[in-house]
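Analysis of the macromolecular model
The lines below spell out each chain.
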Amino acid sequence: MTDPAFDGKAFCRRLPGRPGVYRMLAEDGSVLYVGKARNLKKRVGSYFSRSSRDPRIEAMVTQIAGIEISVTRTEGEALLLEDELIKSLKPRYNVLLRDDKSYPFIYLASEHEFPRLGFHRGPQRQPGEYFGPFPSAYAVRDSLNQMQKIFRVRQCEDTFFRNRSRPCLQYQIKRCTAPCVGRISREDYAEDVRHARMFLEGGAEKVIGELVERMERASEALEFEKAAELRDQIVTLQKIQAQQFVAGAQGDLDVVAAATDGQQACVQVLFFRQGRNLGNRAFYPRLPAPDQPAAVLRAFMSQHYLRREIPRQILIGEDLEDRELLEEVFSERAGHRVRIVAHPRGDRAKWLEMAQRNAKTALATSLASHSGLRKRLQDLQDLLDLDELPARMECFDVSHTRGEKTVASCVVFDENGPVKSDYRRFNIRDVAAGDDYGAMRQALERRYRRLKSGEGKMPDLLLIDGGKGQLRQALETLDELQIDEIHVVAVAKGERRREGEETLISGAARKTLKPGSGSPGLRLIQWIRDEAHRFAITGHRQRRSKARRRSVLEDVPGIGPKRRRALLTHFGGLRGLAAAGVEELSTVEGISRELARRIYAVLHDD
């Protein structure tokens with residue numbers, strides 16, 4: 001006996017006319033759609049009214065097997081709950097913002113005696129000051145690089161700063177004033193920090209004015225070298241100000257524009273902070289069906305700004321139905337008044353036009369790239385004789401240095417390219433040094449045991465960097481785990497190791513393929529393999545570096561934290577320590593000649 005069809009109209013008659021959130025459920029219990037309503041009875045009832053359905057709503061309604069509701073006190077509470085549920089449930093028919101990374105900031109460790117500037121992303125828990133947000137890590141690093149030239153405030157980590165006995169390279173190339181070894185007074189350094197803070201807060205004009213006064217005083221005192229240094233500092237600062245300053249931009253504001261084409265969309269955000277243009281960033285939300293820019297913009301606004309710092313003004317090109325509600329909720333969340341301005345005029349209209357143009361250009365580029373990727377996938381399907389287009393692909397690689405600290409990588413690609421949130425690394429243990437087969441087997445077993453237990457999605461295609469031996473390890477591991485739905489291909493380098501000469505060894509039949517450099521499918525495999533190789537090498541280097549930093553002194557009997565600190569401080573780090581002889585080592589307080597011999601032996605593998 002089959003369950004009776006869901007009666008939407010009868011269900012809606014029992015709903016309250018109050019604010020809340022509703023969840024449309026499919027027959028298998030999965031969530032089709034999450035929405036918020038000022039009046040649940042009217043809003044949910046509209047889905048079952050024949051008068052106002054578009055094809056997307058029609059398709060969704062036919063799949064509804066149940067509806068769950070949550071009543072809230074206000075529509076604002078409903079908006080917040082809707083955002084949380086969309087984020088956690090990822091419903092099929094909602095517009096989803098896929099990039100959930102937090103924005104990066106410039107961090108000033110102002111609590112330190114000699115504050116440092118640095119890159120920061122994530123919770124702002126450390127004491128100090130945060131400036132931003134910036135649209136990308138590149139924008140932060142570019143700003144830090146420029147500031148290093150102008151203000152010469154240190155950017156090194158505190159551990160590096162504490163262990164210096166002589167200035168580092170940054171001092172020699174005039175990017176730092178070497179406060180670590182007393183080459184600048186606390187007062188002068190504090191002045192540099194003050195100017196850096198003023199610049200980041202939008203006070204570049206004031207900084208330039210003060211530097212001009214100092215230059216004139218230096219010139220009058222016949223300190224021409226100091227005056228020339230200040231002059232160069234002023235010129236550099238004026239150039240940066242000219243590049244970033246935007247007439248009419250005051251305070252903090254974002255300019256947001258959306259462009260759509262079929263089932264793809266791009267949202268472009270321009271960032272202005274303290275009258276400075278910090279750059280732009282593109283977002284590509286997932287669309288369940290073709291939609292209008294206004295609908296995409298509405299979904300973006302709530303999903304994006306409810307999770308991040310909110311500026312005082314947001315300029316948009318589409319008037320939103322619940323703009324006033326968004327303003328109210330954003331203001332409460334931000335702790336200051338937030339205005340959402342639709343169709344701005346004057347200079348601001350030009351900024352919006354720029355954002356719209358950037359959105360259209362970025363979308364066109366993405367569509368062209370997506371089209372090219374699809375052609376490669378289709379060619380790969382034909383090349384490997386697969387029944388369907390591979391929707392998810394994984395590739396493994398192993399990296400080590402003569403067997404030391406072996407790391408295996410797993411990268412994931414889908415029809416849109418890399419899925420970096422699903423990348424994984426495996427620190428290989430209890431495998432003989434240099435045993436690539438054993439390392440590959442361990443990584444595969446750990447990865448697919450987890451996937452089989454339901455921790456993630458199984459791929460359609462598994463690529464292994466290597467030859468027949470690596471392929472055998474992969475097939476045997478999957479066979480032991482009773483996984484037989486994955487097609488496995490080994491990617492062996494050619495005799496001269498040139499790109500385009502790779503040999504593909506496909507499946508249990510070990511079918512050998514040499515598609516050649518003109519094959520779009522092979523170019524896709526090369527891209528995935530190279531990404532796996534890069535990810536493995538990065539992980540290996542990090543693990544090796546960490547191990548070497550620890551093992552050099554911590555494994556020497558008789559060397560505790562105090563003596564270790566004394567050695568590193570005296571010689572300015574591990575490089576200086578390694579260059580020292582037994583006599584030099586024994587001159588350090590607390591280091592006997594016998595202990596110096598042991599240290600020397602460990603450092604030189606004697």
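The following paragraphs examine the structure supplied in this document. A quick note: this is a predicted structure, and the numbers were derived from the prediction, not measured. (Residues numbered from 1 in each chain as written. Predicted model: local features only at pLDDT ≥ 70, side-chain atom pairs only at ≥ 80, totals over all residues. Heavy atoms only, no water.)

**Section: the pattern of salt bridges**
With the rule as written, the count across this model stands at 26 salt bridges. The partner of Glu68 in a salt bridge is Arg23, and the shortest N-O contact between them spans 3.3 Å. Of this pair, Glu68 sits in strand β3 (residues 66-71) while Arg23 sits in strand β1 (residues 20-25), and the two are 45 residues apart along the sequence. Classification of Glu68 by relative accessible area gives partly exposed; the value is 37%. (Salt bridge = Lys/Arg side-chain N within 4 Å of Asp/Glu carboxyl O. Helix = DSSP H or I, 4+ residues; strand = E, 2+ residues; numbered from the N terminus. Buried < 20%, exposed > 50% of the residue type's maximum accessible area, 1.4 Å probe, protein only.)

**Here's the deal with helix α15 (residues 468-480)**
The α-helix advances 3.6 residues per turn, and as a result positions three or four apart in sequence lie on the same side. The end-to-end C-alpha distance of α15, which contains 13 residues, comes to 18 Å, matching closely the 18 Å that a straight helix rising 1.5 Å per residue would cover. Every buried residue of α15 is listed here: Gly469, Gln470, Leu471, Gln473, Ala474, Thr477 and Leu478. In the stretch just after α15, Gln482 is the one whose phi turns positive, near 60°. (Expected span 1.5 Å × (residues − 1).)

**Considerations on the packing of helix α14 (residues 436-452) against α15**
Two quantities define a packed helix pair, namely the angle between the helix axes and the distance between the axes. For the pair α14 and α15, interaxial distance at closest approach is 9 Å and the crossing angle is 30°. Helix-helix and strand crossings are classified by hand; for α14 and α15 the assignment is right-handed. Here α14 contributes Asp436, Tyr437, Met440, Arg441, Leu444, Glu445 and Tyr448 to the contact with α15, which in turn contributes Gly469, Gln470, Arg472, Gln473, Ala474, Glu476, Thr477, Leu478 and Glu480. Along the lines of polarity and charge, the residues of the contact of α14 with α15 split into six nonpolar, four polar and six charged. (Axes fitted to C-alpha atoms, helices over the stretch in contact; angles between N-to-C directions. Left-handed = near helix turned anticlockwise from the far one by under 90°. Contact = heavy atoms within 4.5 Å. Nonpolar A, V, L, I, M, F, W, Y, C, P; charged D, E, K, R; others polar.)

**Structural notes on unusual backbone geometry**
In this model, Asp385 sits at a positive phi of 55°, which is unusual for a non-glycine residue. Note that Asp385 resides in the loop between α13 (347-384) and β12 (392-401). Here Asp385 falls in the exposed class, since its relative accessible area comes to 62%. One non-glycine residue, Asp430, lies in positive phi territory at about 60°.

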